[in-house]
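Single-letter residue listing:
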Amino acid sequence: RHRQKQMCAKLDMYAERIQYTVRSLPIADYLFQVGAESNSYPLIAPLLIERKTAEDLAMSMVDGRWLSQKSAMLDVRRNVFNGSCRIVYVIEGTIESASAKCCDKRCIGRHGWPGLNECNQALAALKDEGIEMVPTSGERGTVNYLVECASALEAMAMA
């Protein structure tokens, strides 16, 4: 919730024209509604965005969310969007900057968590599954990316 409130504050500050609704989502961190609701369900753009900091990436690898979240988004792409859906992992900051200097493994976040190489391998493997990775400099960079996505979707809807 804290990260969500921070991102909402950044969206309010830097992206005045972007309207958004905060909801608990079963998949992804960000979805875009395109068009009016139909049968009480919003029309969702074929774009799923999951946001991770380096520490969140490492922790999600430890607690199993990395695989379950990725699997759920791949299932939605296959079963809801008939394979025609972009999945994007926004990685805030650099993995290297979050590495602890506790051991040769260069654990990310805390000693004993996945190391620098494991995290980089997990991110590199996304490409093999048709998942995009977009690095940003931090929360402001993520806001800019979300604004770009919203603007592109809006332009496509107007065309």
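Every value quoted in this text rests on a predicted model; they were computed, and no experiment measured them.

### Some details on the overall build of the protein chain
Check the secondary structure of the protein chain and you find five helices and three strands. What you see in the protein chain, going N to C, is helices and strands ordered as α-β-α-α-β-α-β-α. Here the protein chain, with 159 residues, has 40% of them falling under the buried criterion. The contacts of the protein chain with a sequence gap of at least 6 include a subset with a gap of at least 24, amounting to 60%. Split by element, the accessible area of the protein chain, about 9500 Å² in all, is 52% carbon and sulfur.

### Side note on the side chain of Arg-77
Mapped onto the elements of the fold, Arg-77 is located in helix α3 (residues 65-79). No salt bridge forms around the buried Arg-77; measuring N to O, its nearest opposite-charge neighbour Glu-129 is 7.0 Å away. The contact partners of Arg-77, leaving out residues within four places of it in the chain, are Asn-82, Gly-83, Ser-84, Cys-85, Ile-87, Glu-129 and Gly-130.

### Focus on the nonpolar core
Of all hydrophobic cores here, the largest spans 25 residues; its most connected members are Leu-48, Trp-66, Met-73, Tyr-89, Ile-95, Ile-108 and Leu-123. If you list the elements that add at least two residues to this core, you get α2 (54-63), α3, β2 (86-92) and α4 (116-128). Within the second largest apolar cluster, 17 residues are counted, among which are Leu-47, Ile-49, Val-90 and Leu-146.

### Describing the packing of aromatic side chains
Under the defined criterion, the tally for this structure stands at one aromatic pair. Measuring from ring centre to ring centre gives 5.0 Å for Trp-66 and Tyr-89, while their planes differ by 50°; the resulting arrangement is tilted. Pair noted here: Trp-66 is in helix α3 and Tyr-89 is in strand β2, with a separation of 23 residues, a long-range link. Assessed through its relative accessible area of 5%, Trp-66 is described here as buried.

### Considerations on unusual backbone geometry
Positioned with a positive phi, Ala-28 is a non-glycine residue whose angle comes to about 60°. Summarising the element assignment, Ala-28 is placed in the loop between α1 (2-14) and β1 (47-53). Here Asn-82, not a glycine, exhibits a phi torsion of approximately 50°, which is positive.

### A short note on the pairing of β2
Burial analysis of β2 places six of its seven residues in the buried class, which makes it a mostly covered element. By the bridge criterion, seven bridges tie β1 to β2 in an arrangement that is parallel. When the bridges of β2 are listed, Leu-47 appears paired with Arg-86. Sheet topology note: the β2/strand β3 (residues 132-136) ladder contains five bridges and is parallel. Paired with Val-90 across the two strands is Val-134, which belongs to β3. Handedness of the β2-α4-β3 crossover: right-handed.

### Thoughts on α3
With 15 residues, α3 extends 20 Å between its outermost C-alpha atoms, agreeing within 8% with the 21 Å of an ideal straight helix rising 1.5 Å per residue. Considered for burial, the residues of α3 that qualify are Trp-66, Lys-70, Met-73, Leu-74, Val-76 and Arg-77. Projected down its long axis, α3 shows its buried positions confined to an angular sector of 160°, all on one face. The outward face of α3, more than 90 degrees from its buried face, is lined by the exposed residues Leu-67 and Asn-79. Those residues of α3 hidden inside the fold are in contact with β1, α2, β2 and α4.

Calculation notes
Residues numbered from 1 in each chain as written. Predicted model: local features only at pLDDT ≥ 70, side-chain atom pairs only at ≥ 80, totals over all residues. Heavy atoms only, no water. Helix = DSSP H or I, 4+ residues; strand = E, 2+ residues; numbered from the N terminus. Buried < 20%, exposed > 50% of the residue type's maximum accessible area, 1.4 Å probe, protein only. Contact = heavy atoms within 4.5 Å. Areas by Shrake-Rupley, 256 points an atom, 1.4 Å probe, with all protein chains shown as cover. Lys, Arg positive; Asp, Glu negative; His and termini not counted. Salt bridge = Lys/Arg side-chain N within 4 Å of Asp/Glu carboxyl O. Core = buried A, V, L, I, M, F, W, Y, C linked by side-chain atoms within 4.5 Å. Phe/Tyr/Trp six-rings, centres within 6.5 Å; stacked < 30°, edge-to-face > 60°. Pairing = 2+ DSSP bridges. Right-handed = clockwise from strand over helix to strand, strands pointing away. Expected span 1.5 Å × (residues − 1). Arc of directions from axis to C-beta.

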